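Take a look at the letters that make up each chain.
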Amino acid sequence: MRGPDKPGPVGAHTYDRGVEEALLAWYSETARELPWRRTRDPYAILVSEVMLQQTQVERVVPRYERWLRRWPTAATLAAASPGDVIVEWQGLGYNRRALHLHRAARHVAEHGWPDDLTALPGVGDYTAAALGNFAFGRDVLPRDVNVERVERRTGHAFTGRAAQALMDLGATVCLARIPRCGHCPLGTRCPSRGTRDEPLRRQSRFEGSFRQRRAKALRLVAEEERPESELDADAVRSLARDGLVVVVDGRVSLPA
């Protein structure tokens, strides 16, 4: 069987099949056991990708499994109310992702999976590439921060079949601040061996932030409908703009 076409250079990156084979051999021995890697179901993979956008892997695993027990298909999620979806999402943060996922499921239930996956609500270029690769077998490389770091440090480009291996390498070995070069399958040929990246600007603290105020107001409304007067007015207005709550006659509830 013919393998994937070799990609052209990506910026200053060039493709070397030997480098990719060394990476894949390492991955075959060390791959992280993650539930979404055991399926090619595009809906299940979309759920995992949306959850993983801004939430750590170890927090996502149990919530992903619980979500699929409750809504195992795009059709079952599409039939749920937005309010139920928001309640189930509580604790994962960035709650607009829940509504995007719900709207994407409704699109799929009504129209099927589009060829251009960015046509799905809330799906950008990275998520479309991940879904295209992991669910539909497309030779496209989804570039998250881990993948981009490995490509930048090694100077090599990779095909789509190396996507999961690159993600694991970047998450466990080719770390931004303290790279474990002695454990890297590409370490002996890496021009950046021992390089540490400058720390990125840290996200503002959650404690005492407006994000925390929004999260608290939404959690209270998720418990039960409440009078607007009992809640943080600015937070409620912000949540309402995002479609996460509705305000009718002075009472705040989740969308039906």
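Look above for the structure.
Just so it is clear, the structure is predicted and the values come from calculations on it, not from any experiment.

(A) Up close: the overall build of the protein. A tally of helices and strands in the protein yields 11 helices and 5 strands. Its C-alpha atoms give the protein principal-axis dimensions of roughly 65 × 40 × 30 Å. Each of the 256 residues in the protein was classed as buried or not, and the buried ones make up 44%. Put simply, 57% of the contacts in the protein that link residues at least 6 apart link residues at least 24 apart. For the protein, the accessible surface area stands at approximately 13700 Å², while carbon and sulfur atoms represent 50% of it. Here the protein contributes 39 positively and 33 negatively charged side chains, and the mean placements of these two sets differ by 5 Å.

(B) Looking closely at the packing of aromatic side chains. Taken as a whole and assessed by the stated rule, the structure comprises 4 aromatic pairs. Where W36 meets Y64, the ring centres are 5.2 Å apart and the plane angle is 85 degrees; that geometry is what we call edge-to-face. A residue pair is termed long-range when its members are at least 10 positions apart, and W36 in the loop between helix 1 (17-30) and helix 2 (42-52) and Y64 in helix 3 (residues 57-70) qualify at 28 residues. The buried category is assigned to W36, whose relative accessible area is 7%. On the basis of relative accessible area, Y64 is assigned to the buried category, the value being 4%. Consider the rings of W67 and W71, whose centres lie 4.8 Å apart with planes at 70 degrees: the pair is edge-to-face. Summarising the burial analysis for this pair, W67 and W71 share the class buried. Put simply, the rings of W67, W71 and W89 pair up and form one aromatic cluster.

(C) Representation of the nonpolar core within the structure. L23, W67, F158 and L169 are the most contacted members of the largest nonpolar core, which totals 54 residues. The greatest single-element share of this core, amounting to 7 residues, is contributed by helix 2. If you look at the next biggest cluster of nonpolar residues, it comprises 13 residues, including L231, A235, L239 and L244.

(D) Summary view of the pattern of salt bridges. Throughout the structure, instances matching the rule amount to 20 salt bridges. For E20, the salt bridge identified is with R161, shortest N-O distance 2.9 Å. Taken as a pair, E20 in helix 1 and R161 in the loop between strand 2 (156-157) and helix 9 (163-172) lie far apart in primary sequence, 141 residues in all. The network of salt bridges with common partners includes R17, E20, E21 and R161.

(E) The arrangement of the packing of helix 2 against helix 7 (residues 125-134) in detail. In contact at an axis separation of 10 Å, helix 2 and helix 7 are set at 145 degrees when each is read in the N-to-C sense. Helix 7 is crossed by helix 2, and the crossing has right-handed handedness. Residues P42, I45, L46 and E49 of helix 2 pack against Y126, T127, A130, L131 and F134 of helix 7. Taken together, the residues of the contact of helix 2 with helix 7 break down into 7 nonpolar, 1 polar and 1 charged.

(F) Geometry of the sheet that holds strand 5 (residues 251-253). On the basis of which strands lie adjacent, the open sheet formed by 3 strands has the order 3-5-4 and antiparallel pairing. Every other strand in the sheet has two partners, leaving strand 3 (226-227) and strand 4 (246-248) as the edge strands with one partner each. In the sheet, strand 4 pairs with strand 5 via 3 bridges, with the strands oriented antiparallel. Within the sheet, the bridge partner assigned to V248 lies in strand 5 and is R251.

Reading the values: the criteria
Residues numbered from 1 in each chain as written. Predicted model: local features only at pLDDT ≥ 70, side-chain atom pairs only at ≥ 80, totals over all residues. Heavy atoms only, no water. Helix = DSSP H or I, 4+ residues; strand = E, 2+ residues; numbered from the N terminus. Buried < 20%, exposed > 50% of the residue type's maximum accessible area, 1.4 Å probe, protein only. Contact = heavy atoms within 4.5 Å. Areas by Shrake-Rupley, 256 points an atom, 1.4 Å probe, with all protein chains shown as cover. Lys, Arg positive; Asp, Glu negative; His and termini not counted. Charge placed at Lys NZ, Arg CZ, Asp CG, Glu CD. Phe/Tyr/Trp six-rings, centres within 6.5 Å; stacked < 30°, edge-to-face > 60°. Core = buried A, V, L, I, M, F, W, Y, C linked by side-chain atoms within 4.5 Å. Salt bridge = Lys/Arg side-chain N within 4 Å of Asp/Glu carboxyl O. Axes fitted to C-alpha atoms, helices over the stretch in contact; angles between N-to-C directions. Left-handed = near helix turned anticlockwise from the far one by under 90°. Nonpolar A, V, L, I, M, F, W, Y, C, P; charged D, E, K, R; others polar. Pairing = 2+ DSSP bridges.

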